[in-house]
Structures are given as structure tokens and as C-alpha cells.
Amino acid sequence: ERWGSDARVGDSARGRELGMGTWRIGAERIDTANPWLADYPSRHFLARLHAFGWLVDLAAVGASAERRIAELIDDWVELYGDWDELAWDPELTAERLFAWLCWGRPAFESGAPELREALMRSVARQARLLLVSQSDLEDRHLGSIKAGAALILAGAAGLPDGERLAAQGEELLLEACAKQFHNDGGHQSRSPEALLEALCDLVTAHDALTAYDEASPVIRDMLPKLANMLRMFRLGDGGLACFNGGSEASAATIDVVL
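So, here is what we can say about the structure in this document. Each chain has its residues counted from 1, running along the sequence as written. Two thresholds apply to this predicted model, a pLDDT of at least 70 for residue-level local features and 80 or more for giving and counting side-chain atom pairs, whereas whole-chain, interface and lining totals are computed over all residues. Values shown for side chains rest on all heavy atoms present in the structure; no hydrogens or waters enter the calculation.

For side chains bearing opposite charge, pairing can occur when the charged atoms are close. Every case where a carboxyl oxygen of Asp or Glu lies within 4 Å of a side-chain nitrogen of Lys or Arg is listed as a salt bridge. Under the counting rule described, the total for this entry stands at 18 salt bridges. One salt bridge in this structure joins Glu197 and Arg8, with 3.0 Å as the shortest N-O distance. Here Glu197 is found in helix 11 (residues 192–211), whereas its partner Arg8 is found in the segment before helix 1 (12–19), with 189 residues between them in sequence. Per-residue accessibility, obtained with a 1.4 Å probe over protein chains only, is compared with the maximum for each type, and a residue is labelled buried under 20%, exposed over 50%, and partly exposed between these values. What makes Arg8 buried here is its relative accessible area of 14%. Notably, a salt bridge pairs Asp221 with Arg220, separated by 3.3 Å at the nearest N-O pair. Here the residues in one salt-bridge network are Asp6, Arg8, Lys146, Glu197 and Asp201, joined through shared partners. Strands are runs of DSSP state E lasting at least 2 residues, helices are runs of H or I lasting at least 4, and numbering of each runs from the N terminus.

Printed below as a string of C-alpha cells:
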């Protein structure tokens, strides 16, 4: 069993806020120990909660946040682990599964056996949802790349039918990359931040496949092109040029992924 090695660098200051119950997403904020039982300011806020992208920030706090990570994941599984119309949207499911398999290790390795069993059942169901949602993900662009990477991580984590999950994930990645990337390594959106997000996911997937001794030569040969394009978009402070909807992103994450 292997855990995903995500290049993203978490914000430990934000992680400490999350640990104390302050949840900021965009300009919106709630204060609650259990975000799954709160009143939400918007549907977008709730979707970002369900995606678990914030888990990287909580994990950046270190060992003192491990219990909090396990609690938040276990509470989600109790309330939403079987199904929810919003939470189980294929793109949100891909983001959540990827985050759990990179940063959610405390939930898988601690707590009562019945909690771990419920978690593994939910993870297996989420992976199966991605398998049958590939047509829905085709138009999601970065979502299809995330889904492919998440399936590869699910295979590497030792889920039942793991070889099939990894093979389907690799196929989904290859199809997405063929459609989305230009010969120069640029993403079809021409957004520097979108390119960074895709590169982080592809590097994570490639690392997992390499551990399998099954790394795709197509992905391997494509990564340097994407990296060179990303370098071209960097400014003097290490961040990215902000255009086509992208922010400056994290200079530390860019350093790590390159």
C-alpha cells in the first residue's frame, strides 16, 4: 500500500485556523467545530468543503492535526459516505478521493475498526463512481485529470480490484491529456494556474505508476514540456502571471512540482 505524494505545499497558518474551527473559502467564512452540521453561506462554499482541497493545509500543521484530520473525514463518512447529490458530484468526488489518499492517512490508520471499515467502503464506492462517470468528466477538463490521478492512487493504496482502477485511471489521464494539452506543453485554457494544477496531479499519478513499474512513457515524456511552459509563466517573485482566470498560486508548490 502506498500513499500519494502530492507536490502541493499546504498553508500551516490556514491549517491552524481550520483546526480551531474557522473555515474561510473565498470571501465567505463560518465558525464551527463540525463543518458538516453548519449553515452554509453558499452552494460554492459547501462544494469546496466536500472537495477536501483544504486537507493539505490541515496536514501542513503536522502531527498535532492528525486527530482533527481523522475526525473530519470520519464525520463526513458518517453523514455522506453512502450518497449525497452535491457531495458525490464526480468532479468533487475525484478531488476528495485524491486529497484523502494524499493527506488523509490518519483517518485510515487510527480510530475504531468500524470507522475504518466504513471509510474503506466509502472509498471503494467513490472509486467505482469515477469508473462509471468518465463520460460526465470529459467536459470537466481538470476534473478528468484529477479523476484519473485519483483512480491511480486508489489502485496504489491497495483497494480491491486495484490493478483495474489504476489501468482505468491511466487511460482516463491519457485521453484527457491528449485533448487538453498543446504540443508546446500549454493547457487549452491558457491559464498558468490550471497548468500548475494539472502538473501537480500528473506528477503525483506518475510517481504512483512508477512505484508500480507501470509508468506511461506518454506521461513521462509530456511532463518536461509542461514544466518548461510553467517556468515561462513564472514572475520574479516565484509566483505565476495572473491571466485567463488564474491566480499567482503558491511559489513553494511550484518549486516542489518542478
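What follows covers the packing of helix 4 (residues 66–80) against helix 7 (residues 113–132). The geometry of helix 4 relative to helix 7 is characterised by a closest axis approach of 10 Å and an angle of 70 degrees between their N-to-C directions. Compared by their axis directions, helix 4 and helix 7 come out roughly perpendicular. Crossing hand, helix 4 versus helix 7: left-handed. From helix 4, Ile73, Asp74, Trp76 and Val77 reach across to helix 7, where they touch Leu115, Ala118, Leu119, Ser122 and Gln126. Helix axes are fitted only over the stretch in contact, all axes being lines through C-alpha atoms; the angle between N-to-C directions runs from 0 to 180 degrees. Throughout, the term roughly parallel applies to angles under 35 degrees, roughly antiparallel to angles over 145, roughly perpendicular to angles from 65 to 115, and oblique to all others. Handedness of a crossing is defined here by the sense of rotation of the near helix relative to the far one, left-handed for an anticlockwise turn of less than a right angle and right-handed for a clockwise turn. Should any heavy atoms of two residues lie within 4.5 Å, those residues are considered in contact.

Now for the side chain of His187. On the secondary structure map, His187 appears in the loop between helix 10 (162–180) and helix 11. Using a relative accessible area of 4% as the deciding quantity, one classes His187 as buried. Here a polar contact is taken to be a pair of N or O atoms separated by no more than 3.5 Å, where protein atoms must pair a possible hydrogen donor with a possible acceptor and residues adjacent in sequence count only if both atoms sit in side chains. Reaching out from His187, the side chain makes a polar contact with the side chain of Gln180 at a distance of 2.8 Å. Of note is the side chain of His187, whose polar atom sits 2.8 Å from the side chain of Ser189. Apart from the residues lying within four places of it in its own chain, the contact partners of His187 are Leu142, Gln180, Phe181, His182, Ala194 and Leu195.

That's the geometry; what it means functionally is another story.
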